[in-house]
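Single-letter residue listing:
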Amino acid sequence: MKPIDRSRVRKILIRAVNWIGDAVMTTPAVDTVRANFPEAEITVLANEAVSEVFRVYDGVDRVITFHRNGRHKGALGRLRLAAELRRSRFDLAVMLPNSFDAALVPWLAGIPQRVGKDSDARSIILTHRFPRVLLKPDTHQVLNYLTMLEYFGLKPSPAHLRLQTSAEEDAGMEALLAARGIAPGDFVIGVNPGATYGSAKRWYPERFAEAARELAERWGARVIITGGPGETEMAGKIAELLEGDCADFAGKTSVRQLMALIKRCNFFITNDSGPMHIAAAFDVPLVAIFGPTDHRTTSAFFERGAIVRRGADCAPCMKRECPIDHRCMTAVTAGDVIEAADGLYQRLGIGKGGR
């Protein structure tokens, strides 16, 4: 093990991961860096979407956006980005992604200490290498990031997901909801039918609608639907099945608005997805439907969630598209989700002020 030389660290670059859900799972790692270097200036380097996650975050001083398909595209773009970083004179780079590319730019930028996992043939351009063999395959990703930082001599912060929105963002979301007839005191169920990794992770719109309708009736709740631009068709199908008795926000919110919208929810029903992790970071009770992915490593990392899954001999396969009959998802019924949600509702005392 080669500890980080703390005496020479004044400015830190954290290279963020590339997916919103994964980025949320790194927030305890970001907080660990902040706690171990309280006086340092910390900058996050992230793509356009993940940059928005950290735009309002008290553990970060600055965000630099990596425009993969714009000014930073290709070899010349990477050189341009490295030159931009070099001008900031960072002392330490923490690479959270595993890719060679994530380590290449800090090396080109001449950052003297560069730490990350020993993966993707990048050992030669890292100064501090974390052996991947120390990670157990069934350990949650949140804990894996903290294990890596501890290996380099940093004391881990509490393993709690955390996100922040501004007062202005929260007020703006209340105004958007009010325009759809949802008052500040209304109990809101969020429904998230999408998952960007692939169709294999997606449960079925008709089952989401059935579960949402039943729970809304039981709890006296309003229903909202979340989703990205590519998920409007699924969301529209759910809205149609609910006969318009919902507010469909799929494809109509920015990343920051989506965060504020999920934060406003009192309960969330979701696939394994970025919004699932956002809900967990805002402590929103949730039920998550898992099929082809491994719930042990990527589930919502908090205690107010329930997982619904049906064991299939081929799951978890981690495939984007199911090559057979999607049995891991077809086996999950609306009744399964309703039972899990209502059980969590009762256990947490949500209707009695639990949230």
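What comes next is a walk through the structure.

How each quantity is defined
- Every chain's residues receive numbers from 1 upward, in the order its sequence appears when written.
- Per-residue local features are limited, in this predicted model, to residues with pLDDT of at least 70; the limit for side-chain atom pairs, both in listing and counting, is 80 or more; totals at the level of whole chains, interfaces and linings are taken over all residues.
- Computation of side-chain values: all heavy atoms of the structure, hydrogens and water removed.
- Secondary structure elements are taken from DSSP: a helix is a run of H or I of four residues or more, a strand is a run of E of two residues or more, and numbering for both begins at the N terminus.
- Helix span is expected to be 1.5 Å times the residue number reduced by one.
- When checking whether two residues touch, look at their non-hydrogen atoms; a contact exists if any pair is within 4.5 Å.
- Exposure categories follow from relative accessible area, calculated using a 1.4 Å probe and restricted to protein chains: below 20% of the type maximum is buried, above 50% is exposed, and the middle band is partly exposed.
- Take the buried Ala, Val, Leu, Ile, Met, Phe, Trp, Tyr and Cys residues and link them wherever side-chain atoms come within 4.5 Å; each set so joined is a nonpolar core.
- Here a pair means two rings of Phe, Tyr or Trp (six-membered ring of Trp) with centres within 6.5 Å. Their orientation is stacked below 30 degrees between planes, edge-to-face above 60, and tilted elsewhere.

**Observations regarding helix α14 (residues 334–348)**
Side chains three or four residues apart in an α-helix point the same way, a direct result of the helix having 3.6 residues per turn.
Move 1: Between the first and last C-alpha of α14 there are 21 Å, a value that for 15 residues agrees with the 21 Å anticipated at 1.5 Å per step.
Move 2: The inward-facing, buried residues of α14 abut α8 (205–219), β10 (267–271), β11 (286–289) and β12 (305–308).
Move 3: With its phi angle positive at about 65 degrees, Gly 349 sits one or two positions after the end of α14.

**Considering α8**
Move 1: With 15 residues, α8 extends 21 Å from end C-alpha to end C-alpha; this agrees with the ideal 21 Å at 1.5 Å per step.
Move 2: Considered for burial, the residues of α8 that qualify are Pro 205, Phe 208, Ala 209, Ala 211, Ala 212, Leu 215, Ala 216 and Trp 219.
Move 3: The secondary structure elements touched by the buried residues of α8 are β7 (188–192), β8 (222–225), α9 (232–241), β10, β11 and α14.
Move 4: Within two residues after α8, Gly 220 carries a phi angle of roughly 65 degrees, on the positive side.

**Let's talk about the nonpolar core**
Move 1: The biggest cluster of nonpolar side chains holds 64 residues, and the ones touching the most others in it are Ile 12, Ile 14, Phe 37, Phe 54, Ile 224 and Leu 286.
Move 2: Once residues lying within four places of it in the same chain are set aside, the contact partners of Phe 37 are Ile 4, Arg 6, Val 9, Ile 12, Leu 92 and Leu 154.
Move 3: With 40 residues, the next largest nonpolar core counts Val 308, Ala 334, Val 337 and Ala 341 among its residues.

**Digging into the environment of Lys 117**
Move 1: Tracing the backbone through its elements, the reader meets Lys 117 in strand β5 (residues 113–117).
Move 2: For Lys 117, the residues in contact, after removing those within four places along its chain, are Asn 98, Arg 122, Leu 126, Phe 130, Arg 132, Leu 135 and Met 148.

**What to know about the packing of aromatic side chains**
Move 1: A complete count under the given rule lists eight aromatic pairs for this structure.
Move 2: Measuring from ring centre to ring centre gives 4.9 Å for Trp 203 and Phe 208, while their planes differ by 75 degrees; the resulting arrangement is edge-to-face. You'll find Trp 203 and Phe 208 in the same group, each marked buried.
Move 3: Plain terms: the ring middles of Trp 219 and Tyr 345 are 4.2 Å apart, the flat faces sit at 10 degrees to each other, and that makes the pair stacked. On the criterion of sequence distance, the pair formed by Trp 219 in helix α8 and Tyr 345 in helix α14 is long-range, its members being 126 residues apart.

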